Amino acid sequence: MSAAPGVRQGLLRRERTAVYLLFFLAGTAMGTWTARIPAIKEHLGLGDGQFSLALLAIAGGAMAGMTAVGRLVDRHGSSRVMIPAALLQGVVLVPPAYAPSLWALAGTLLAFGTVHGILDVAMNANAVEVERAYGRPIMSSFHAVYSIGGFAGATAGGLFAHLDLSAAATFMSMGAVIALLAAWGARWALRSVPSRAQDAATAADSGASRPKGIVFLGVLAFCCLVGEGASADWSSVYLREDLAASPGFAAAGYAAFSIMMTAGRLAGDRLAARFGAVPLVRCCGLLAAVGLGLALLGGHPVAGVIGFGCFGAGLSCIVPQVFSAAGHRDPAFAGRALARVASIGYLGLLSGPVLIGAAAQLAGLPLALVIPAVLAAFVALTATALRTRTSAR
């Protein structure tokens, strides 16, 4: 016997809250780690080049986790993967603080990145299921909560550093909080319908046709995340060195980008419900391209900050809508679709700063930053790829 409408609505709200919490905790874990990077680096006496090798382990682990987890999500259901990964996220945060050497640190960060990549795909797959149950767009708000969690983790890590507490104390404390809250939230999480998981496994084993256009959705995510990575690493440099901003004002460029990205994601669900995913992504891509163009052509630090803010607002809704489109294209293959899109997109986040740096060496940073503006315009022109088309079964 089905639950009464009021009871079902209450359950849906609890399931949505549970996914919010896990997105928040995933962001918190990453923000906490980022805030204590200087302490870890100093403790081991590592140079920039050595430490960059350790950071590559996080990226490699995340890519491996994202690539491997899709089939598990489709076969067993997102919640059976998401909940253990969320609990492990608090656990694997701790070992990097105790690593005695560079290679030990790389090993612990490989584990941290792998769990984070697994959780990323699984919780997005669960968010797609919750969104499907709601019958309206809610994906952008999940990604906004991840950003808020990152800010909360960085703030907490900074507070521990300000109190002169060790990285070990930081990671032990925050890891325990993350694990406990994940266990609490797991009670409310949406459980995948067993028959759906079994249907996914059967479809996969029988060689049923995969949903079309997933790789291109990954390309759109790649284009967007190139811009995110470039903004994180190069916005302050551009404002300081090319627009002669003060050191403090130069930092406002990325602050504006981050604040406007979070604000855009908080508004994204209402915009998607009113206008649809394709018009929203098309307008967001145009806003991002025009905003970054303003930052590059304005010739003044204030124009630069405003431009990067518009760039963040423009990029804000693209990845959530891309993930939503990938997850809805065929529910039986949602895990693998999201894994493919997330891993391709993550390559953009990793390669974006390197790509911009290499281009800056050849043509100067202002011209190099034209690249993410062009990619944003490309997303706007190809936004029709987000139309949900269920593959033939």
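Source: prediction; values computed, not measured.

Asks: Would you explain unusual backbone geometry in this entry?
Replies: Comment: phi is negative for the bulk of residues other than glycine, and the bulk of peptide bonds are trans. Phi is positive for Asp164, which is not a glycine, with a value near 60 degrees. Tracing the chain through its elements places Asp164 in the loop between helix H6 (139–162) and helix H7 (167–186). You will see that Ala244, though not glycine, has its phi angle at about 60 degrees, which is positive. Note that Ala244 resides in the loop between helix H9 (214–242) and helix H10 (247–250). Ala244 sits in the exposed class, given a relative accessible area of 63%.

Asks: Please clarify how the environment of Val319 should be interpreted in this entry.
Replies: Tracing the sequence through the fold places Val319 in helix H14 (residues 318–329). Sequence separation between Val319 and Glu131 is 188 residues; the distance between their C-alpha atoms is 15 Å. Ignoring anything within four residues of it in the chain, the contact list for Val319 reads His143, Cys224, Leu225 and Arg265.

Asks: Would you take a moment to explain H14 for this structure?
Replies: Helical periodicity: at 3.6 residues per turn, an α-helix aligns residues three or four positions apart in one direction. Along its 12 residues, H14 runs 16 Å from first to last C-alpha, staying within 8% of the 16 Å computed at 1.5 Å per residue. Taking burial as the measure, the 12 residues of H14 include 11 buried ones, the bulk of the element. Where H14 is concerned, the buried positions are Ile318, Val319, Pro320, Gln321, Val322, Phe323, Ser324, Ala325, Ala326, Gly327 and Arg329.

Asks: Before we go on, may I ask you to explain the nonpolar core in this structure?
Replies: Generally speaking, soluble globular proteins have nonpolar side chains that are buried together. Residues Trp33, Leu105, Leu217 and Val322 are the most contacted members of the largest nonpolar core, which totals 121 residues. Broken down by element, this core gets its largest block of residues, 15 residues, from helix H5 (residues 102–134). When near neighbours in sequence (up to four residues on either side) are disregarded, Leu217 contacts Val322, Ala325, Ala326, Arg329, Val341, Ala385 and Leu386.

Asks: What is the right way to read H5 from this model?
Replies: An ideal rise of 1.5 Å per residue puts 48 Å on 33 residues; H5 measures up with 47 Å between its terminal C-alpha atoms. For H5, the buried fraction is high: 24 of the 33 residues fall into the buried class. Positive phi shows up at Gly135, right after H5, with a value of about 75 degrees.

Asks: Just checking my understanding: could you explain a nonpolar patch on the surface for this structure?
Replies: Taken together, the side chains of Phe249, Leu294, Val302 and Ile306 present a nonpolar region at the surface, about 310 Å² in accessible area. In this fold, Ile306 is placed in helix H13 (residues 301–316).

Asks: Would you explain the pattern of salt bridges in this entry?
Replies: If charged atoms from side chains of opposite charge come close, those side chains can pair. A complete count under the given rule lists 2 salt bridges for this structure. Notably, a salt bridge pairs Asp74 with Arg336, separated by 2.8 Å at the nearest N-O pair. Taken as a pair, Asp74 in helix H3 (residues 48–76) and Arg336 in helix H15 (residues 334–363) lie far apart in primary sequence, 262 residues in all. Pair check on accessibility: Asp74 and Arg336 agree, each one buried. Glu228 is paired through a salt bridge with Arg265; the nearest N and O atoms lie 3.5 Å apart. In this pair, Glu228 is assigned in helix H9 and Arg265 in helix H11 (residues 252–275), connecting sequence segments 37 residues apart. Classification of Arg265 as buried rests on a relative accessible area of 6%.

Asks: What's the story with the confidence of the model for the chain in this structure? I'm lost.
Replies: If pLDDT is low for a region, its predicted coordinates should not be looked at in detail. For the chain, mean pLDDT is 89; residues scoring 70 or higher make up 92% of the total. For the chain, per-element mean pLDDT is lowest for helix H8 (residues 194–205), which scores 49, and highest for helix H17 (residues 370–381), which scores 97.

Asks: Help me understand the side chain of Arg16, please; the structure alone is not making it clear to me.
Replies: Here Arg16 lies in helix H1 (residues 5–35). Nearest to the buried, unbridged Arg16 among oppositely charged side chains is Asp269, at 4.3 Å. Excluding residues within four positions of it along the chain, Arg16 makes contact with Val130, Tyr134, Arg136, Ile138, Ser141, Phe142 and Asp269.

Asks: Please explain the packing of aromatic side chains as it appears in this structure.
Replies: The description of an aromatic ring pair rests on the distance of the ring centres and on the angle between the ring planes. Here the structure, examined in full by the defined rule, presents 9 aromatic pairs. Between Tyr254 and Phe257 the ring centres are 5.7 Å apart and the planes differ by 20 degrees, which places this aromatic pair in the stacked class. With a gap of 3 residues between them, Tyr254 and Phe257 both fall in helix H11, about one helical turn apart. Accessibility expressed as a relative area gives 32% for Tyr254, which makes it partly exposed. We classify Phe257 as buried; its relative accessible area is 2%. Put simply, the rings of Tyr20, Phe23 and Phe142 touch in pairs and so form one group of aromatic residues.

Rules of the game
- Residues numbered from 1 in each chain as written.
- Predicted model: local features only at pLDDT ≥ 70, side-chain atom pairs only at ≥ 80, totals over all residues.
- Heavy atoms only, no water.
- Helix = DSSP H or I, 4+ residues; strand = E, 2+ residues; numbered from the N terminus.
- Buried < 20%, exposed > 50% of the residue type's maximum accessible area, 1.4 Å probe, protein only.
- Contact = heavy atoms within 4.5 Å.
- Expected span 1.5 Å × (residues − 1).
- Core = buried A, V, L, I, M, F, W, Y, C linked by side-chain atoms within 4.5 Å.
- Patch = residues over 30% accessible without salt bridge, like charges linked within 9 Å, V, L, I, M, F, W, Y side chains within 5 Å.
- Areas by Shrake-Rupley, 256 points an atom, 1.4 Å probe, with all protein chains shown as cover.
- Salt bridge = Lys/Arg side-chain N within 4 Å of Asp/Glu carboxyl O.
- pLDDT = per-residue confidence, 0-100.
- Lys, Arg positive; Asp, Glu negative; His and termini not counted.
- Phe/Tyr/Trp six-rings, centres within 6.5 Å; stacked < 30°, edge-to-face > 60°.

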